[in-house]
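Structural description and commentary
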Amino acid sequence: MTVADLSAQLTAYEGRPAVLGGRGRDPVDAAMIRHWCEAMGVQEPGAGPGAESGAEPQRQDVAPPAMLQVWIMGGLSGTVGRATAYEELVALLDRAGCTAVVATDCEQEYLRPLRTGDEITFDAVIESVSPRKTTALGTGHFITTRTEIRANGELVGIHRFRVLRYAPARAGAAAAPAPALSPAERPRPVINRDNAGFWEGVAGHRLLIQRCTACGRQRFPWLPGCGECGSPLWEAVEAAGEGVVFSYVVMHHPPVPGFGAPFAVGLIELVEGVRMISNVVGVEPGRIRIGMPVTLEFVRYGGRSGGPSRGPSGGPSGGQELPVFRAYEEGL
Ligand code: ZN
């Protein structure tokens, strides 16, 4: 099939139904509104994106307008009422090699706010199918569907949803080259008020953990309060630097800038009872085992070798001081 033939066939689907007789799986309800608000970080039901369109006062039983799509989602079992025309359109694109799909954008119009108890029905039409487009993902066609959403039979919103159905770009053609592996590129730690003391310890080759001065519980990583009793009071204590491999993974792929694969990431249980994530060195990554004894040491990655450490961020020599754990194979 030529590109022109395919385009003509695709265009013929414009205006045909995508969903007929769709029905919301549940009436608008307060629990879903609350979950959505929490997930989106919206404090007040009725506030949030699109709220300006609602003339009603903010009320617990009014859904944020931007939730519009929530009420028509089909869930894992899929959309009920998907029209034959839409299935045919997708099958046509599949045969043309456009087997991948990605949602690209969504536009909504709000006619009135939805309230708890509203019963939702909807119909959707295939509004447009674009000419062939080449994108970074691959070449394909944008499909825009227009869904009219009704509450108790009254039109309350319009939801336009656009997807790109495309033939994935050839594997390798678009793949980025593997990043160069240079210790100088190791990611820098994020140092803030809560963990600055830890990194000051590292600069002085001391592994510091926190101990709650109210209940005595030791903790790592550094946190402003005690997870046991909630107290903000703590003191720093120096770990002995002995522990065992509690768990580990060996990273082979994908390449991580600053790390030469394979490398081992260990979850180390210190004799003090806390655990920390660090590199395990001294043993081939494939020979690391759970329970292996390990000993703390400090290494300097990147920058000028041998230079003095000048603070937690590495100082003027540009390197990075880090605690790692050296493993010893049993019997050696
Ligand atoms: Zn405590």
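Our subject is the structure listed above.
What you are looking at is a predicted structure, and each value in this text was computed from that prediction instead of being measured.

**Digging into the pairing of strand E12 (residues 275–281)**
Of all 7 residues that make up E12, 5 are buried, and the element is covered over most of its length. In this sheet, E12 lies alongside strand E11 (residues 263–270) in antiparallel orientation, the contact comprising 5 bridges. What sits directly across from isoleucine 268, in E12, is methionine 276. Hairpin connection between E11 and E12: a loop of 4 residues separates the two successive antiparallel strands, and glycine 273 in this loop has a positive phi of roughly 100 degrees. Note: E12 against strand E14 (residues 320–327), 2 bridges, orientation parallel. Its bridge partner lying in E14, valine 280 is registered against phenylalanine 325.

**Considerations on the coordination of the zinc ion**
Ideal geometry at a metal centre: 109.5 degrees between donors when four sit tetrahedrally, and 90 or 180 degrees when six sit octahedrally. Surrounding the zinc ion are the protein donor atoms Cys212 (SG), Cys215 (SG), Cys226 (SG) and Cys229 (SG), at 2.3 Å. Mapped onto the sequence, the residues coordinating the zinc ion show the spacing C-x2-C-x10-C-x2-C. Taken together, the residues cysteine 215 in the loop between strand E7 (208–212) and strand E8 (218–219) and cysteine 226 in the loop between E8 and strand E9 (234–238) connect sequence positions 11 residues apart. For cysteine 215, a relative accessible area of 38% gives the class partly exposed. Residue classification places cysteine 226 among the buried positions, given a relative accessible area of 6%.

**Digging into the side chain of arginine 112**
By the secondary structure assignment, arginine 112 is in the loop between strand E2 (100–110) and strand E3 (120–129). With relative accessibility at 17%, the residue arginine 112 sits in the buried group. A distance of 3.2 Å separates the side chain of arginine 112 from the side chain of aspartate 118, its partner in a polar contact. Side chain to side chain, arginine 112 and glutamate 154 meet in a polar contact 3.1 Å long.

**Overview of helix H4 (residues 196–203)**
If you check which residues of H4 are buried, you get Gly197, Phe198, Trp199, Gly201 and Val202. Of the surrounding elements, those touching the buried residues of H4 are E7, E12, strand E13 (293–301) and E14. Of the residues flanking the end of H4, it is histidine 205, one or two places downstream, whose phi is positive at about 55 degrees.

**A closer look at the pattern of salt bridges**
Scanning the model with the defined rule gives 17 salt bridges in all. For arginine 16, the salt bridge identified is with glutamate 88, shortest N-O distance 3.9 Å. One end of the pair, arginine 16, is in the loop between helix H1 (3–11) and strand E1 (17–23); the other, glutamate 88, is in helix H3 (residues 84–95), and 72 residues separate them in sequence. Judged by its relative accessible area of 35%, arginine 16 is partly exposed.

**Things to note about the sheet that holds E11**
Around the barrel, which closes on itself, the 5 strands sit in the order E10-E11-E12-E14-E13 with mixed pairing between neighbours. Along the sheet, successive strands turn relative to each other by an average axial angle of 50 degrees, direction set aside. Packing against the sheet, H4 makes contact with E12, E13 and E14, and its axis sits at approximately 75 degrees to E14.

Criteria and cut-off values
Numbering of residues begins from 1 in every chain and follows the order in which that chain's sequence is written. Predicted model: local features are reported for residues with pLDDT of at least 70 only, side-chain atom pairs are reported and counted for 80 or more only, and whole-chain, interface and lining totals are derived from all residues. Processing note: side-chain calculations cover all non-hydrogen atoms of the structure and skip hydrogens and water entirely. When accessible area is computed with a 1.4 Å probe and restricted to protein chains, residues below 20% of their type maximum are described as buried, those above 50% as exposed, and intermediate ones as partly exposed. Strands here mean DSSP runs of E at least two residues long; helices mean DSSP runs of H or I at least four residues long; both are numbered from the N terminus. Think of it this way: DSSP has to see at least two bridges between two strands before they count as a pair. Note on donors: an N, O or S atom is included if it sits within 2.8 Å of the metal, or within 3.2 Å for Na, K and Ca, and water is never included, so sites can look incomplete. N or O atoms closer than or at 3.5 Å make up a polar contact, with two conditions inside protein: a donor-capable atom paired with an acceptor-capable one, and, for residues adjacent in sequence, both atoms drawn from side chains. In this description, contact between two residues means that some pair of their heavy atoms is separated by no more than 4.5 Å. By definition, a salt bridge exists where a carboxyl oxygen of Asp or Glu is found within 4 Å of a side-chain nitrogen of Lys or Arg. Lines are fitted to the C-alpha atoms to define the axes, a helix being fitted only along its stretch in contact, and any angle between axes, read from their N-to-C directions, falls within 0 to 180 degrees.

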